[in-house]
Amino acid sequence: MEKVKNTFDVAIIGGGINGSSIAYQLSKIGKKVVLLEKNQLACEASSAAAGMLAAQAEIEQDGPFFQLALKSQSMFQALSNELLEMTGIDIEFIQKGMIKIAETEEMAKEVQQQAAFQRNWDPEIEWLDRNSLLKLEPSLSQNVTGGMYLPNDGHVQPAKLSQAFANAAELLGATILENTEVLSLIYENDRVIGVKTTLGNLHCQQVVLATGAWASKLLQETGLDITVYPVKGECFSVKTDTPIINRTIFSDKRCYIVPKRNGEIYIGATQVENTFDKKVTPGGIIRLIERAVKLVPQIKDAPWERVWAGVRPQTGDGLPYIGEHPFKKGLFIAAGHYRNGILLSPVTGTLVADLLQGKSDENLLKAFRIDRNKAKVY
Ligand code: FAD
Ligand code: GLY
């Protein structure tokens, strides 16, 4: 620890996309920040994700979560320009649209209702029948019934966005320590005053836990038992020289197809609850292949690229925790972003930066408070 100054304003635990976004926003307002990652930056969910910014496809009702997702989605264009200018990293923000597919008449009714609801926020969203869809995406199966077309939907390259946040934070003075695990928090009475790490102790005035699916571990020792658990997602990709599809094809939460800029097409993802094991199983990939080929038959003959898996951080009620610890002063949590942590990373960074300065929007954050479900205190 000799070479590292060991006193900071804020220690952020977890170098995933949310920890890095928070480090960036805090560095921007002049805080002296250290970002601590037990392995490498973005080595977990934040590099496994497909990078969809799918607020409208994944969230089907209005409420604080949907509004937070829309707010974050609207931040991507400016953020992409800002990060490119600062770091030279292109986060590959591509806004070519998404189609939420209905494969049966029954699904068509639901998706049509969703399209009508989503038009409240984007009047360009529309329901398209089979023929109109096939004009847009000729490689789609002739068997699709129709779909909701979201012309303004986009996606990013999650690992690049995570790295860009971290690089930008570092350029603004943040210290980034990889291969450094936080073992416990240090308190004086009920105030957090530092962290004990595998490299030694660090002192700080505030701590942010951005530890994804591992969030329960350090929280339990504070006497707060909140539920954050892992949900494994397996994916595979193919890569073609000429594009098969141009837009994201989203069937449901267990099958989506995302064409990336380099010709790779990501196909995700399974949902396996309560495991941190990132092994990829043939059973999981076979189910994905069957579903993807049913939607886009040419995928069957496309050159194979790779498989991978990551662990989504899910909470008891499906909402992330963003807020201050109810009885440990100076301790904040930003974890449990489940299926939407890439989408929510920009707004998570700005909200946490506001929170730490004591100027957060209570109304906006009410639904995400840590004690919202009367978490067990013992
Ligand atoms: P993580 O990325 O898990 O980072 C937490 C970090 O904390 C880890 O790097 C871990 O090593 C570190 N850590 C834990 N404990 C400690 C400790 N004690 N000390 C130091 N470091 C510690 N989201 C979207 O918005 N769009 C998508 O299209 C999308 N697709 C997905 C597809 C798959 C297959 C998966 C698995 C997820 C997907 N997600 C998607 C969800 C998204 O990836 C996550 O919500 C997001 O990455 C969570 O980021 P995070 O920074 O909160 O957590
Ligand atoms: N949001 C896509 C996934 O979590 O698989």
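Structure first, text after, so check above.
Reference entry: report on the structure contained in this document. Small disclaimer: the values here were computed from a predicted structure and weren't measured.

Reading the values: rules and limits
Per chain, the residues get numbers from 1 upward, laid out in the order the sequence is written. Naming scheme: in the order in which they are written, chains are lettered from A and ligands are numbered from 1. In view of the model being predicted, local features appear only for residues whose pLDDT reaches at least 70, and side-chain atom pairs are presented and counted only at 80 or more, with totals across whole chains, interfaces and linings using the full set of residues. To get the side-chain values, all heavy atoms of the structure are used, and hydrogens and water are removed first. Only DSSP runs of H or I reaching four residues or more are called helices, and only runs of E reaching two or more are called strands; each is numbered from the N terminus. We call a residue buried when its accessible area falls under 20% of the maximum for its residue type, exposed when it is over 50%, and partly exposed in between, using a 1.4 Å probe and counting protein chains only. Throughout, a contact is declared for two residues whenever any of their heavy atoms are within 4.5 Å. Computed with the Shrake-Rupley method and a 1.4 Å probe, the accessible areas treat only the protein chains shown as cover for residues. His residues and chain termini do not enter the charge count, which takes Lys and Arg as positive and Asp and Glu as negative. Taken as the charge location is NZ of Lys, CZ of Arg, CG of Asp or CD of Glu. Only heavy atoms are used to decide nearness, and a residue is near a molecule or strand if one of them lies within 4 Å of it. Side-chain atoms alone can form a polar contact between residues adjacent in sequence; in general such a contact is a pair of N or O atoms within 3.5 Å, and within protein one must be able to donate a hydrogen while the other accepts it. Residue classes follow a fixed rule: Ala, Val, Leu, Ile, Met, Phe, Trp, Tyr, Cys and Pro count as nonpolar, while Asp, Glu, Lys and Arg count as charged, and any other residue, Gly among them, counts as polar. Remark: nonpolar core denotes a set of buried residues (Ala, Val, Leu, Ile, Met, Phe, Trp, Tyr, Cys) joined through side-chain atoms within 4.5 Å. Between any two strands, pairing holds if DSSP finds at least two bridges. Geometry is summarised by axes, namely lines fitted to C-alpha atoms with helices restricted to the contacting stretch, and by angles between N-to-C directions that run from 0 to 180 degrees. Any angle that is under 35 degrees is reported as roughly parallel, and any over 145 degrees as roughly antiparallel; angles of 65 to 115 degrees are reported as roughly perpendicular and all others as oblique.

1. What about the overall build of the protein?
Summing up its helical and strand segments, the protein has 12 helices and 19 strands in all. In terms of principal-axis extent, the alpha carbons of the protein reach across some 65 × 40 × 40 Å. The buried share of the protein, reckoned over its 378 residues, is 58%. At a minimum sequence separation of 6, the contacts of the protein that also span at least 24 residues come to 73%. For the protein, the exposed surface amounts to about 16200 Å²; the carbon and sulfur share of it is 47%. Across the protein, the 41 positively charged side chains and the 43 negatively charged ones have centroids separated by 2 Å.

2. A word on the site of ligand 1
The environment of ligand 1 is made up of 40 residues, and the closest members are E37, S46, M52, Y338 and L343. For ligand 1, an oxygen atom lies 3.1 Å from a polar atom in the backbone of A45. One of the backbone nitrogen or oxygen atoms of Y338 is found 2.8 Å away from an oxygen atom of ligand 1. Starting from 1000 Å² of accessible surface for ligand 1 in isolation, the protein chains cover 98%. For the shell around ligand 1, the secondary structure elements donating two or more residues are α1 (17-28), α2 (45-48), β11 (228-239) and β16 (304-315). Tallying contributions element by element places β16 first for the shell around ligand 1, with four residues. Partitioned by chemical class, the residues of the shell around ligand 1 number 20 nonpolar, 14 polar and six charged.

3. Overview of the nonpolar core
I12, L83 and L161 are the most contacted members of the largest nonpolar core, which totals 51 residues. At the level of elements, β1 (7-13), α1, β2 (33-36), α4 (64-73), α5 (76-87), α8 (158-171), β18 (331-335) and α11 (345-356) are the ones that each hand at least two residues to this core. In contact with L161, not counting residues within four places along its chain, are I17, F76, L79, L83, I91, V156, I342 and S345.

4. Some thoughts on the pairing of β11
For β11, the tally of buried residues reaches 11 of 12 residues, placing the bulk of the element in the interior. In terms of strand pairing, β11 meets β16 through 11 bridges, oriented antiparallel. Across the sheet, S237 pairs through a bridge with R306, a residue of β16. As paired elements, β11 and strand β14 (residues 264-268) share five bridges and run antiparallel to each other. Note that in β14 the partner of S237 across the bridge is Y266.

5. Points about the packing of α4 against α11
For the pair α4 and α11, the least separation of the axes is 7 Å and the interaxial angle reads 100 degrees. With respect to each other, α4 and α11 are oriented roughly perpendicular. Packed against α4, whose contacting residues are L68, K71 and S72, the element α11 presents S345, P346, V347 and L351 at the interface. Partitioning the contact of α4 with α11 into residue classes produces four nonpolar, two polar and one charged.

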